[in-house]
Amino acid sequence: MTMGTSTQAYGEPWYWDNRYANESGPFDWYQKYASLAPLVNLYTPRHNHPRILVVGCGNSAFSEGMVDDGYEDVVNVDISSVVIEAMRKKYFNRPQLKYIQMDVRDMSAFQTGSFGAVIDKGTLDSILCGNNSRQNAAKMLDEVWRVLINKGVYILVTYGAPVYRLHLLRESCLWRIKLHVIEKLLSEGASEHPMWELTNPVPLDDYGNSVEATLGKNPDVHYIYVCTKDESLRPDQKHNVAVE
């Protein structure tokens, strides 16, 4: 990924249209489905038949992996019409996969409480690299919260440590948050002894300082925030968060 001024365009459809028009083959940001499957299965059990939304899907094979693993209704959205059209053609014979061109800052085409889970691998990070990042991130998080059912989960995979992401999540919506981590370079068959077991939450205090105490400084991990929508946190209407 090239950094610098190009990151300012991460919120713009033309950037992604150009990228996907020139990119061949699937690409998964951060992690592939196989490495995250135990966590997805834990928080969105297949026997509940959850309707799942994958935001900023790109040309990732992640959703294909979910369907192969038994999930039956996976809706994918991306700001790029180019990649959505390509993915529709690729998966025309997989009715469990739906692809819709949409801006995550405005998902009004979906009714409130439409999904049991929202999965985000890198989309919030991408928005935070662009112009008006805090405002756009807040719009996205409000929409993610809205389209989830009560007790639905937003699974956020990010490079952002708690000192950066907890405040952003705390500013937005009514979440109960658990933190998990996975090593960045964890590949198939690698690391029989990971730094931290994926399905075990990392101890998390209000400011995230407990994470450094547990994992050390600058651990080479992706952070996974499992944010459960909880309307019972609504006594003062909004801006509440509980960490567990």
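Cut-offs applied
- Residues numbered from 1 in each chain as written.
- Predicted model: local features only at pLDDT ≥ 70, side-chain atom pairs only at ≥ 80, totals over all residues.
- Heavy atoms only, no water.
- Core = buried A, V, L, I, M, F, W, Y, C linked by side-chain atoms within 4.5 Å.
- Buried < 20%, exposed > 50% of the residue type's maximum accessible area, 1.4 Å probe, protein only.
- Helix = DSSP H or I, 4+ residues; strand = E, 2+ residues; numbered from the N terminus.
- Contact = heavy atoms within 4.5 Å.
- Phe/Tyr/Trp six-rings, centres within 6.5 Å; stacked < 30°, edge-to-face > 60°.
- Lys NZ or Arg CZ within 6 Å of the ring centre and 35° of its normal.
- Pairing = 2+ DSSP bridges.
- Right-handed = clockwise from strand over helix to strand, strands pointing away.
- Axes fitted to C-alpha atoms, helices over the stretch in contact; angles between N-to-C directions.
- Parallel < 35°, antiparallel > 145°, perpendicular 65-115°, else oblique.
- Left-handed = near helix turned anticlockwise from the far one by under 90°.
- Nonpolar A, V, L, I, M, F, W, Y, C, P; charged D, E, K, R; others polar.
- Expected span 1.5 Å × (residues − 1).
- Disulfide = S-S within 2.5 Å.
- Arc of directions from axis to C-beta.
- Salt bridge = Lys/Arg side-chain N within 4 Å of Asp/Glu carboxyl O.

Here the focus is the nonpolar core. It is characteristic of soluble globular proteins that their nonpolar side chains tend to be buried jointly. Ranked by internal contacts, the top residues of the largest apolar core, which has 41 residues, are Leu53, Met107, Phe110, Leu124, Tyr154, Trp175 and Tyr225. A per-element tally of this core places helix 6 (residues 133-147) first, with six residues. Ignoring any residue separated from it by four or fewer positions in sequence, one finds Tyr154 in contact with Val118, Asp120, Leu124, Met140, Leu141, Val144, Leu148, Leu169, Trp175, Tyr225, Val226 and Cys227. Core analysis: the second largest hydrophobic core is formed by 29 residues, Leu39, Tyr71, Met87 and Val226 among them.

Aromatic ring pairs are described here by two measures, namely the spacing of the ring centres and the angle between the planes. Under the definition given, this model contains four aromatic pairs. The ring of Tyr159 is capped by Arg165, whose NZ or CZ atom sits 5.5 Å from the centre of that ring.

Burial along strand 1 (residues 52-55) is two-sided: the residues Ile52 and Val54 and Leu53 and Val55 are all buried. Bridging between strand 1 and strand 2 (residues 74-78) involves four bridges; their strand directions are parallel. Looking at the pairing, Ile52 lines up with Val74 of strand 2. The parallel pair strand 1 and strand 2 is bridged by helix 3 (residues 62-68), and the resulting crossover is right-handed.

Let us look at unusual backbone geometry. One non-glycine residue, His49, adopts positive backbone phi at about 50°. In this structure, His49 sits in the loop between helix 2 (33-43) and strand 1.

With respect to the secondary-structure elements, Asp28 resides in the loop between helix 1 (13-21) and helix 2. Expressed as a C-alpha distance, the spacing of Asp28 and Phe62, which sit 34 residues apart in the sequence, is 7.0 Å. In contact with Asp28, not counting residues within four places along its chain, are Ser60, Ala61, Phe62 and Lys121.

For any two helices packed against each other, one specifies the crossing angle of their axes together with the interaxial distance. Following both chains from N to C, one finds helix 6 and helix 7 (residues 162-172) inclined at 60°, their axes separated by 9 Å at the closest point. For the element pair helix 6 / helix 7, the angle class is oblique. Regarding helix 6 and helix 7, the two cross each other, and that crossing is right-handed. Across the interface between the two elements, Arg134, Ala137, Leu141 and Asp142 from helix 6 touch His167, Leu168, Leu169, Glu171 and Ser172 from helix 7. Across the contact of helix 6 with helix 7, the residue classes break down as four nonpolar, two polar and three charged.

Next up on the list: helix 6. Taking 1.5 Å of rise per residue, the 15 residues of helix 6 would be expected to cover 21 Å, and the 21 Å separating its terminal C-alpha atoms lies within 8% of that figure. Residues of helix 6 that are buried: Ser133, Asn136, Ala137, Met140, Leu141, Glu143, Val144, Trp145, Arg146 and Val147.

Throughout this description, disulfide means a covalent bond between two cysteine sulfur atoms. Tallying each qualifying case throughout the model produces zero disulfides. Looking at the unpaired Cys227, the closest cysteine sulfur is the one in Cys173, lying at 9.5 Å.

Turning our attention to helix 7. Where helix 7 is concerned, the buried positions are Pro162, Arg165, Leu166, Leu168, Leu169 and Ser172. Here the buried residues of helix 7 occupy an arc of 165° about the axis, which is enough to place them on one side.

Counting across every chain of the model gives 13 salt bridges. For Arg46, the salt bridge identified is with Asp69, shortest N-O distance 2.8 Å. Of this pair, Arg46 sits in the loop between helix 2 and strand 1 while Asp69 is found in the loop between helix 3 and strand 2, placing the two residues 23 residues apart along the sequence. A cluster of three or more residues bridged by salt bridges with shared partners is formed by Arg51, Asp73 and Lys98.

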